[in-house]
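Working through the structure, step by step
This is what each chain is made of:
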Amino acid sequence: MKTTAKILSALLICFVFTSCDDDLLDVDFDTNVKATIVANVDQDQETVNEYVVLSIDNNDTHDYLDNIKGVKITKLTYRIISFTGNEEGTVDVDFYADNITLKDVASFTVKDAYDAGTIFEVTDVSKLNAMADLLKSNKSATVGITGNTVSNEIGMNFNIEVTAELEVTANPL
């Protein structure tokens, strides 16, 4: 009888462990990824199209890159972090990720946005979800600005920091 009980117990344990869903091993964590778009606008240049690759490979995600099950963007922002040149230069641009227009920004003076610390936030959930799918599938996305510019007197140079706050689900196995 003891042998039968031991065998049944062993089979029950095997059944329980083989029936466990991999979801029990999932890890959820928050992380931020950043990239800087370098924009150089020459005097009398009429258009601008600058971009950078935003990768989700960082210290938090590196060990899980091949096992990422889900990515959610909780916040996506663009902000000008440096500026030199024509203080009256303007841009009228779209922020994009790969082929997704994330935000259409009306014409603004770049120096004024820099001085004010203006943060441009993408809030359209469907666009954030589409970009999150890109990050999950490709582990990166090309983010940038494209549009019109006016800088008549002299050129201008500015850097735009793109920050994505992410919720990531991964499985270590």
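This write-up is about the structure you can find in this document. (Residues numbered from 1 in each chain as written. Predicted model: local features only at pLDDT ≥ 70, side-chain atom pairs only at ≥ 80, totals over all residues. Heavy atoms only, no water.)

Overview of the overall build of the protein chain
For the record, the criterion: Secondary structure follows DSSP: runs of H or I at least 4 residues long count as helices, runs of E at least 2 residues long count as strands, and numbering of each begins at the N terminus. Partly exposed describes any residue whose relative accessible area lies between the buried limit of under 20% and the exposed limit of over 50%, with all areas from a 1.4 Å probe on protein chains only and scaled to the type maximum. Contact between two residues is taken to exist if any of their heavy atoms lie within 4.5 Å; hydrogens are not considered.
Summing up its helical and strand segments, the protein chain has three helices and eight strands in all. In sequence order, the protein chain lays out its α and β elements as α-β-β-β-β-β-α-β-α-β-β. For the protein chain, the proportion of its 173 residues judged to be buried stands at 36%. Put simply, 81% of the contacts in the protein chain that link residues at least 6 apart link residues at least 24 apart.

A closer look at the sheet that holds strand 6 (residues 119–122)
Defined as follows: Two strands pair under a simple rule: DSSP has to find at least two bridges between them. For helices, the fitted line uses only the C-alpha atoms of the stretch in contact; every axis is such a line through C-alpha atoms, and the angle between N-to-C directions lies from 0 to 180 degrees.
With antiparallel pairing, the four strands of this open sheet are ordered in space as 1-8-3-6. If you trace the sheet from one side to the other, it starts and ends with strand 1 (27–41) and strand 6, each paired once. Ignoring which end each strand starts from, the neighbouring axes of this sheet average 20° apart.

Focus: the packing of aromatic side chains
As a reminder of what qualifies: Aromatic contacts are taken between Phe, Tyr and Trp rings whose centres are within 6.5 Å, Trp giving its six-membered ring; a plane angle under 30 degrees counts as stacked, one over 60 as edge-to-face, and the others as tilted.
By the definition in use, this model includes four aromatic pairs. Judged by centre distance (5.5 Å) and plane angle (35°), the ring pair of Phe29 and Tyr64 falls under tilted. Placement of the pair is Phe29 in strand 1 and Tyr64 in the loop between strand 2 (47–55) and strand 3 (68–85), with a sequence separation of 35 residues. Of the residues examined, Phe29 reaches a relative accessible area of 17% and is grouped as buried.

Some words on a nonpolar patch on the surface
Selection criterion: Two joining distances apply to patches: 9 Å for like charges and 5 Å for nonpolar side chains (Val, Leu, Ile, Met, Phe, Trp, Tyr), and every residue must have over 30% relative accessible area and no salt bridge. Only the protein chains shown count as cover for residues, with accessible areas throughout obtained via the Shrake-Rupley method and a probe of 1.4 Å. Salt bridges are counted wherever a side-chain nitrogen of Lys or Arg sits within 4 Å of a carboxyl oxygen of Asp or Glu.
On the surface, Leu24, Leu25 and Leu173 cluster together into a nonpolar patch covering about 350 Å² of accessible area. Along the polypeptide, Leu173 turns up in the segment after strand 8 (156–170).

Focus on a negative patch on the surface
Our working definition: For the purpose of counting charges, residues Lys and Arg are taken to be positive, whereas Asp and Glu are taken to be negative. His and the chain ends are not included. Charge positions come from single atoms, namely NZ of Lys, CZ of Arg, CG of Asp or CD of Glu.
A grouping of Glu87, Glu88, Asp112 and Glu153 is seen on the molecular surface, where their side chains present a negatively charged patch. Its location among the elements puts Glu88 in the loop between strand 3 and strand 4 (90–97).

Focus: helix 3 (residues 125–138)
Definition in use: Residue count minus one, scaled by 1.5 Å, sets the expected span of a helix.
Over its 14 residues, helix 3 runs 20 Å from end to end, which matches the ideal 20 Å to within 8%, given 1.5 Å per residue. After helix 3 finishes, the residue Lys139 shows a positive phi value of roughly 65°.

What about the nonpolar core?
Quick reminder of the rule: Nonpolar cores are built from buried Ala, Val, Leu, Ile, Met, Phe, Trp, Tyr and Cys residues. Side-chain atoms within 4.5 Å join them into one set.
One finds Leu76, Tyr78, Phe108, Met131, Phe158 and Leu166 to be the most contacted residues of the largest nonpolar core, which totals 46 residues. With eight residues, strand 8 is the single largest residue contributor to this core.

A short note on the pairing of strand 5 (residues 100–109)
As a general feature of sheets, a regular strand has side chains that alternate between the two faces. Of the pairings in the sheet, the one linking strand 4 to strand 5 comprises seven bridges and is antiparallel in character. Along strand 5, the bridge assignment pairs Phe95 with Lys103. Linking strand 4 to strand 5, which pair antiparallel, is a turn of two residues; within it Asp98 sits at a positive phi near 50°.

Overview of the sheet that holds strand 4
Reading across from one edge, 2-7-4-5 is the order of the four strands in this open sheet, with antiparallel pairing throughout. At either end of the open sheet lies a strand with only one pairing partner, and these are strand 2 and strand 5. In this sheet, neighbouring strand axes are inclined to one another by 15° on average, regardless of whether the strands run parallel or antiparallel. Pairing of strand 2 with strand 7 (residues 140–150) involves nine bridges; the strand directions are antiparallel. In the strand pairing of strand 7, Val48 is matched with Gly147. In this fold helix 3 packs onto strand 2, strand 4, strand 5 and strand 7, with an angle of close to 120° to the strand it touches most, strand 5.

Any link to function would need more than the numbers given here.
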